[in-house]
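A closer look at the structure
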Amino acid sequence: MLEFHKQILADLVEEDALLIMSPGLGLFKIFTSFLDLYTKGTHFVLVLNANQAQEGVIVEKQAAMGVPPEEQLQIIHNETTSESRSAMYRNGGVFSVTSRILAVDMLLDRVPTAMISGVVLYNAHRIRSNSLEELILRIYRKENEQGFIKAFSDVPEQFTTGFAPLENTLKTLQLRKVHLWPRFQVLVSNNLSEASADVVELRQPMTEKMDTIQKALVECMEITLAEVRRQNSMVDVQDFTIENSFFRSFDMIIRRQLDPIWHRISPATKQLVGDLSILRRLLSSLTTYDPVSFFYQLQMVITSNTAKDGAPTRQYQSQWLFLDAADKAITTARKRVYLKQNDPEYDQNDGPTVSDGKIRLRLVPEELPKWNLLHDILNEIEQDMPEEGAPVLILVDGARTCSQLRQYIDGINKPTNDGEPIPILTRLIQWFFSLQKSIYQIQQEDSASTNTSTTGSTSSSFNKSQTQRGSAPLNKRRRVRGGSATSAVTSSRPRSIVETFKTDVQEAVDLLNDPGPQEGKNENDDDIMMGEDDILPEFNLVSPGSIISVQTYDNDVDEELLEDLQPRFIIMYDPNPAFIRRVEVYRAMHPELDVRVYFMIYENSVEEQNYLSLIRKEKEAFERLIREKSIMAIPMPQRATPQQDAFARAVSSRVAGGQLRNKGPPLVIVDMREFRSSLPPILYAEGLKIIPCTLQVGDYILSPTICVERKSIPDLISSLNSGRLYTQCENMCLHYDIPILLIEFDENKSFSLQSLSDMKSTVQLSDLSSKLVLVTLTFPKVKIIWSSSPHETAAIFDDLKKAEEEPEVDKAVLVGAESTDDVNSSYNMTPQDILRSLPGVTSKNYKLLMNDVKNLQELFKLSVDDLKKIIGAEPAKKLYEFIHHKTGLQEQS
Amino acid sequence: RRTAAGYGNTILVNYSRQKDNPILKLIHNVPWEHDDVIKCDFAVGKTTGVWFLSLRYHRLNPGYIHDRIGDAARTYVLRILLVHVDIDNFHEPLRELNRTAIQNNFTLVLAWTKEETARYLETFKVLEHTPPDMIREKAKEDYAETLERCLTNIRSVNKTDVLTLRSHFHSLKGIANARADQLAMCPGFGEQKVKRLQQAFVQPFIVKQKKK
């Protein structure tokens, strides 16, 4: 541990505080050291918000240090039963718990809250007000004023958006102190500057083609952005320039600006905002993906955003696809993979060609400039290697680059014929063409299924070519496509980008049937991307004993990585500011080691801009935080005075003329699933008693007769479309006298359903208001509560409950339940949502499936007969066919 | 004057009460006629009556709506309290109206503009005999759309990703059985997305808390 580490830890032990550090300075180290203080003895410490990977590392580290299993961090997740949880809490120790589980356990008095020695929140930047964490801390502080609260974060930027964000976060965390440890803090920079610096910074220019694509994509972004502003005058984006288009996430900024009226803006605008983020993602893929994958990704984006012929979504096609710049981008992206005969560059290159007789393509896959650079660095390292076997560490972003680099290094010293692409590119091209075939097939299938009637001629010719193809062995040279299609390709009439792309796909498909120079390798197409072994084979270029390790950046685990490998050479293939600091810390802790760091970055690229802006943003964030820290005023935490409150309630004049009623706080039964929303914490804060349990009908039970289904606006829209709301209303009407639909708006969003400008001159059945009217007409019994915010909801609930009996938990959970199993279970929503969107699955039978089958993977393994036994013949057939439907594969003959 | 035709396709308006209501002028998709016998303000169907309230008016005459509601006989199956939110400080009155409506068996409907208010009246009439098919579970669409809707349930998965998955793994089952390293090789799939996707397939539907 360095001096500043010790100082931070000492400060933290002394007083309750939120610790914010620069990323990479060793937050995780401090976090684990802090936990170690509480492993011994009879402490009861709860850790919130740590993710699985972090939990794993902690346990591993503790085991390595010889901490006996019973003193190690105990992990409670959603498969730990409630009985064993209660027992675990009673025994004490250090626990990492999911917030939802802990909140429920605390509300149900399963946790001896008074015994808690302290609560530790990791990733504190994720804490929002009215979140479950806030609820937990409220309950904790209500019953336990002695225990500590410590919060950790290394994402300072997150504390600078919104109004007085730091102050509000501290209030949420029930803390009054914040400790800021930026990289420029005196002690930190003194500690770190003692180490000698040997950093080689390499600025690699992009290739000309990469540059062209980058410019074209930025142009698309610019025009898309202008269009958003034209459609929505309130959008305010200043200083849009090429440079800051890279690092300023305009899509996010706009999304934030439009958020208050998001449910009211036109689909066209939504499409544009979506396009912006797609473009930004493409920009970053340009430098991180190899040319083949990039071209493929670009194609995927285009295909999926192109409406199928005759489909109603046509009007919302992405506008940027029609721009010249987009055309340029995709053409250039293609030229980084292969050239067509009519490309001017075709004759100047001498890559291998493939041909189906009519069209000839030349494969010219571009090597990523960084690959060559890496090669050079490795050569240099070999020369400078002080001793045999010095460890070399290469760090990259993402598993994908990691595995590619391993392949590349593996292939470096294998001889290739002149002009032939290096092995990794050859493999990628094969992968690419096999996928092209799938996509072509998928497109044909989709268009055949959507409009069999309208495009009879095309689909019939498609069928013909398909049967032709089906009869042909895969790797046999033959011409596939008929003359007419070929002439369409070679004709020079102006085409939309979509058509251009279609012909690209067709050509690629033909080439696959005609594998050219790769013939023979093609048989195991499918294995190409799966076969690569993760273990690097022996590496000969550098001395045989040296260890080259390619790893991905993995925040907290990186610290361990450096300690474990003790590398002498570190190559940062992708820029990562946090890791640079980690290396600094590592070097300061091991002054005896001589470490050299290579740092690669594409010059004038999105990557460079991103990197620079990350550093800048962090610095600005700390400056803001320091300022806010100096001026913020945090009131002393208010200690609840329950007696007063209870008295005010007891003599409420609205209830029976002010008669005393001594029932304690009003009670609301809340469905477990509702704990994803902010309403339960707010209800608690407003003084209502909430009891979580799994409800089959409704979300909130206010009294024996009142049942409430809560819908936020997006929920309302989607559940009206999916029909779920209909079923829910049906169920509520069946079981409760006063079923209520609660339409809850968001605190900061506009309180109105639709905008005047969107209103058509006649009644539209598809309008949200029409659907709502239909609900009231269908279910006259269902009442509607309109609430402008969750806080308002809490007040309305409180109001409604004044004249009502308290609900009974035991009865509420049984309503609509088919078996006792239902009562004692909780659900995972995403798998359930997926299940319910499958064909053959209805609101009537999905529960049967969930009870009989463990998860989706198990479901997919079942035979038709198995399914038949659960949901009956007809739905079973539908479901089975959907699961096993093969798409994008040619029929094997 | 209440004719059979009057209940057919016209909105009946209690003209003596509503003659000054500006929203009358905005009802143009459906004909309306006077009828001062009805208890409600607007009869938009045989069994549906609408009572209208402007919040601005309510603020000046807080007792009015209570009298009207109390006066309302149980003549209509569906009784709508249509409120025009035309003041900024709506929290207090709305909180009260939400409760009043529920306690008196009224369904509250809010509109924020005169146009929207008129539109609600029209909509109730137009949809009077419409079956609720629009809001019921629908038969599933074609394969591509269903698959897209199914997989986009997973956070951060978009339609481009669905297509990428289809071209790599060819069937829903194939996608579900794909290994993490295979998924990671798909362009557009970062670690987070791979994790979320896999979790969706292996996570149990139900976590049984007690074994009995």
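From a predicted model like this one, the values you see are computed outputs, not experimental measurements.

Considerations on the sheet that holds strand 14 (residues 569-572) of chain A
Residues and elements named next belong to chain A.
- Taken together, five strands build an open sheet; the order of strands is 8-15-14-12-13 and the sheet is parallel. Of all the strands in the sheet, just strand 8 (199-204) and strand 13 (548-552) have a single pairing partner and so form its edges. For this sheet, the mean angle separating the axes of adjacent strands, direction not counted, is 15°.
- The pairing of strand 14 with strand 15 (residues 596-602) spans four bridges and is classified as parallel. Counterpart to M572 in the pairing with strand 15 is F599.

Remarks on the interface of chain B and chain A
- Taken together, the contact pairs 86 residues of chain B with 117 residues of chain A.
- Summed over both sides, the interface of chain B with chain A buries roughly 9,500 Å², with 62% coming from carbon and sulfur.
- Applying the counting rule to chain B against chain A returns two salt bridges.
- Across the chain B-chain A interface, the total number found is 27 residue pairs in polar contact (both at pLDDT 80 or more).

Side note on helix 6 (residues 143-151) of chain B
- For helix 6 of chain B, every residue scored as buried is listed here: Y143(B), A144(B), T146(B), L147(B), C150(B) and L151(B). Considered in projection along helix 6 of chain B, the buried side chains sweep an arc of 165° and stay on one side of the axis.

Describing the nonpolar core
Residue and element names in this part refer to chain A.
- If you look at the biggest cluster of nonpolar residues, it comprises 84 residues, and the most contacted ones within it are F294, W320, W371, L374, I394 and I571.
- When residues of this core are assigned to their parent elements, the largest contribution, ten residues, is made by helix 17 (residues 423-450).
- Residues in contact with L374, not counting those within four places in the same chain, are I394, L405, Y408, I409, I571 and M600.

Here we look at unusual backbone geometry
Residue and element names in this part refer to chain A.
- Of note in this structure, N130 is not a glycine but carries a positive phi near 60°.
- Mapped onto the secondary structure, N130 falls in the loop between strand 5 (118-121) and helix 6 (132-143).
- Of note, N604 is a non-glycine position whose phi angle comes to about 50°, a positive value.
- Relative to the helices and strands, N604 resides in the loop between strand 15 and helix 23 (606-631).

Points about the UniProt feature "domain: ERCC4" (unreviewed entry) in chain A
- When the UniProt feature table is mapped onto this chain, "domain: ERCC4" (unreviewed entry) is found at residues 667-747 of chain A.
- Spanning residues 667-747 of chain A, this segment combines 36% helix with 32% strand, and its end C-alpha atoms are found 24 Å apart.

Notes on the pairing of strand 15 of chain A
Residue and element names in this part refer to chain A.
- Counting buried positions along strand 15 yields seven of seven residues, so the element is predominantly enclosed.
- Where burial is concerned, the two faces of strand 15 agree: the one with R596, Y598, M600 and Y602 and the one with V597, F599 and I601 are both buried.
- Where strand 8 lies against strand 15, six bridges are found, and the strand directions are parallel. Bridge assignment links E201 to a residue of strand 15, and that residue is F599.
- Crossover handedness for the path strand 14 to helix 22 (residues 577-589) to strand 15: right-handed.

Concerning the packing of aromatic side chains
- For the coordinates displayed, the defined rule picks out 31 aromatic pairs over all chains.
- Measuring from centroid to centroid gives 6.2 Å for Y122(A) and F152(A), while their planes differ by 45°, and the two rings are tilted. With a gap of 30 residues between them, Y122(A) in the loop between strand 5 and helix 6 and F152(A) in strand 6 (residues 148-153) connect regions that are remote in the sequence. By the burial criterion, Y122(A) is buried, and F152(A) matches it.
- Ring pairing ties together the aromatic residues F28(A), F31(A), F34(A), Y38(A), Y122(A), F148(A) and F152(A), which thus form one cluster.
- Looking at R836(A), its charged tip hangs above the ring of Y846(A), at a distance of 4.1 Å from the centre.
- Over the aromatic face of F189(B) sits the side chain of K193(B), whose NZ or CZ is 5.4 Å from the ring centroid.

A short note on the sheet that holds strand 6 (residues 107-111) of chain B
Residues and elements named next belong to chain B.
- Reading across the sheet, the six strands line up as 2-1-3-4-5-6 and stay open at both edges, with mixed pairing between neighbours. Each of the sheet's edge strands pairs with one partner strand only, and the pair in question is strand 2 (32-34) and strand 6.
- Bridge analysis of strand 4 (residues 48-54) against strand 5 (residues 78-84) gives seven bridges, and the strand direction is parallel. Directly across from W51, in strand 5, lies its bridge partner L81.

Quick look at the environment of S129(A)
All names here are of chain A.
- Tracing the backbone through its elements, the reader meets S129 in the loop between strand 5 and helix 6.
- Remark: the alpha-carbon pair of S129 and I76, spanning 53 residues in sequence, is separated by 24 Å.
- Those residues in contact with S129 that sit more than four places away from it in its chain are E134 and T172.

Focus: the domain arrangement of chain A
Residue and element names in this part refer to chain A.
- By the assigned domains, chain A splits into domain 1 (3-188), domain 2 (662-754 + 767-818) and domain 3 (827-893).
- A straight line from the C-alpha centre of domain 2 to that of domain 3 covers 31 Å.
- Listed as interface residues are nine residues of domain 2 and, on the opposing side, eight residues of domain 3.
- Both faces combined, the contact of domain 2 with domain 3 buries some 720 Å², and carbon together with sulfur accounts for 44% of it.
- When the buried surface of domain 2 facing domain 3 is broken down by residue, R673, Q696 and R724 rank first, second and third, together holding 56% of it.
- The shortest N-O distance in the salt bridge between D833 and R724 comes to 3.5 Å.

Side note on the packing of helix 13 (residues 291-305) of chain A against helix 14 (residues 324-335) of chain A
Residue and element names in this part refer to chain A.
- Contact pair helix 13 / helix 14: the axes reach a minimum separation of 9 Å and the direction vectors enclose 145°. Between helix 13 and helix 14 the crossing geometry is left-handed. Along the contact surface, helix 13 presents F294, F295, L298 and I302, while helix 14 presents A329, I330, A333 and R334.

Parameters and conventions
- Residues numbered from 1 in each chain as written.
- Chains lettered and ligands numbered in written order.
- Predicted model: local features only at pLDDT ≥ 70, side-chain atom pairs only at ≥ 80, totals over all residues.
- Heavy atoms only, no water.
- Pairing = 2+ DSSP bridges.
- Helix = DSSP H or I, 4+ residues; strand = E, 2+ residues; numbered from the N terminus.
- Axes fitted to C-alpha atoms, helices over the stretch in contact; angles between N-to-C directions.
- Contact = heavy atoms within 4.5 Å.
- Buried area = accessible area lost by both parts, 1.4 Å probe.
- Salt bridge = Lys/Arg side-chain N within 4 Å of Asp/Glu carboxyl O.
- Polar contact = N/O pair within 3.5 Å; in protein donor to acceptor, adjacent residues only side chain to side chain.
- Buried < 20%, exposed > 50% of the residue type's maximum accessible area, 1.4 Å probe, protein only.
- Arc of directions from axis to C-beta.
- Core = buried A, V, L, I, M, F, W, Y, C linked by side-chain atoms within 4.5 Å.
- UniProt positions renumbered as here; feature names shortened; annotations may be inferred.
- Right-handed = clockwise from strand over helix to strand, strands pointing away.
- Phe/Tyr/Trp six-rings, centres within 6.5 Å; stacked < 30°, edge-to-face > 60°.
- Lys NZ or Arg CZ within 6 Å of the ring centre and 35° of its normal.
- Domains from an automatic or database assignment.
- Left-handed = near helix turned anticlockwise from the far one by under 90°.

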